[in-house]
Amino acid sequence: MKFQDEYRDPRTADKLRHALADVATRPWTIMEVCGGQTHTIVRYGIDELLPPGIELVHGPGCPVCVTPIELIDQAIAIASQPNVIFCSFGDMLRVPGSTRDLLAVKAAGGDVRIVYSPLDCLRIADQNPRHDVVFFAVGFETTAPANAMAVWQAKRRGLTNFSVLVSHVLVPPAMAAMLSSPSNRVQGVLAAGHVCTVMGYDEYLPLSEQFQIPIVVTGFEPLDLLEGIYRCVRMLEAGRVGVENQYARVVRRAGNPEAIQLVREVFQVCDRKWRGIGTIAQSGLELSPEYEQFDAQRRFTVDGIEVAESNLCISGLILQGLKKPHECPAFGGLCTPEHPLGATMVSSEGACAAYFHYARFRPAPTLPSPSKNSVELTDVSPQSQASHGRNG
Ligand code: SF4
């Protein structure tokens, strides 16, 4: 394992940028699937380093962003009940439901707690036998193993006051739905390294074949992304389909077999609604029959909540790579991280939040040709801007 700054080295970035300019002969549209990748790309200005015509569009890989508003309302309904301790990772607390968020429930006296692991909830359940402890199990394949482990342990320990409100989603079915859409313009994909760390990348091979596209698994550092883009463009130019693994220092082809086995024991595949996109067949996980006693939706009967999305928010189009955040009329005005209208602005992985934090003061979009001058991978996070006296 190298040190982090080696993945941010400007000289290597410059070499990759020139290699990319040498290999790219025509326009290509590439989607980075994960919000973590989006944040690195916008934060370090990688999209501004690319040759003319190489466009990056942002995918649906932000679990907070795609959690349906109905499920947020269900979480709020459960958390508002007496004798409930509602536990969640911190990023779900400010995601707007139809009328309020979980933070408002906490402010009104509800016992809403931020945890750093679902296993913390088992300890809380042990310590509070007269309370129902509910964990908001949101995420892609990345978080599914830890959530599965919490449920598995709860069963082994005979815990009766613990349950999970599940909103797990799966990357490959969402990719298949997007790539088969008539409006699809994605020609290559950067797959998310952390998802593949768990699941491996065998399941991306049929997708690559079916849609005749290259897929490159990447990490989340600036050079990971630049190398991933370079490899993807190289495959596109050569007319090659298949899967390449840029993140080989972490990702194995078979993933983590023990984690996969645990997920398959505790969960089963189901249809799942994606916020702003709609229902995608076989794109989610729900508790399997052997573990359904831990299903908060059964325990609290909060099914059936139906709400409409905001008319203004175009996050569904952004999550499908069809629009960019600055094309939303509410971006930066009616919708800011302090007053978000949609989940892509509130989530720390959301594309709208990335553009707001790192790119809202950019000049009109330009795609400069690589120069002979060396490139800087400039961190344009607010902290960095303050220390450099820059404004955005
Ligand atoms: S800027 Fe706000 S309203 Fe517009 S798409 Fe993003 S989250 Fe939705």
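We now turn to the structure provided with this report. (Residues numbered from 1 in each chain as written. Predicted model: local features only at pLDDT ≥ 70, side-chain atom pairs only at ≥ 80, totals over all residues. Heavy atoms only, no water.)

## Looking at the pattern of salt bridges
Any two side chains of opposite charge can pair, on the condition that their charged atoms come close.
Point 1. Overall, the coordinates contain 19 salt bridges when judged by the stated rule.
Point 2. Between E221 and R8 there is a salt bridge, with its nearest N and O atoms 2.6 Å apart. Here the residue E221 occupies a position in the loop between strand 8 (214–218) and helix 11 (222–238), and R8 occupies one in the segment before helix 1 (10–23), the gap between them amounting to 213 residues.
Point 3. Overall, E221 belongs to the buried group, its relative accessible area being 13%.
Point 4. Looking at R8, the relative accessible area reads 28%, which means it is partly exposed. (Salt bridge = Lys/Arg side-chain N within 4 Å of Asp/Glu carboxyl O. Helix = DSSP H or I, 4+ residues; strand = E, 2+ residues; numbered from the N terminus. Buried < 20%, exposed > 50% of the residue type's maximum accessible area, 1.4 Å probe, protein only.)

## Some details on the site of the ligand
Point 1. Taken together, 13 residues lie near the ligand, and C313, C328, C335, T344 and C352 sit nearest.
Point 2. Put simply, the parts of the chain that give the shell around the ligand at least two residues each are helix 14 (315–319) and helix 15 (343–346). (Near = heavy atom within 4 Å.)

## Comments concerning a nonpolar patch on the surface
Point 1. On the surface, a cluster of nonpolar side chains totalling about 260 Å² of accessible area is made up of L312, L334 and L341.
Point 2. Mapped onto the secondary structure, L341 falls in the loop between helix 14 and helix 15.
Point 3. Accessibility expressed as a relative area gives 31% for L341, which makes it partly exposed. (Patch = residues over 30% accessible without salt bridge, like charges linked within 9 Å, V, L, I, M, F, W, Y side chains within 5 Å. Areas by Shrake-Rupley, 256 points an atom, 1.4 Å probe, with all protein chains shown as cover.)

## Digging into helix 11
Point 1. Between its terminal C-alpha atoms helix 11 stretches 24 Å, which fits the 24 Å expected from 17 residues at 1.5 Å a residue.
Point 2. In terms of burial, helix 11 is largely enclosed, as 14 of its 17 residues are buried.
Point 3. Immediately beyond the C-terminal end of helix 11, within one or two residues, lies G239, with a positive phi of roughly 70°. (Expected span 1.5 Å × (residues − 1).)

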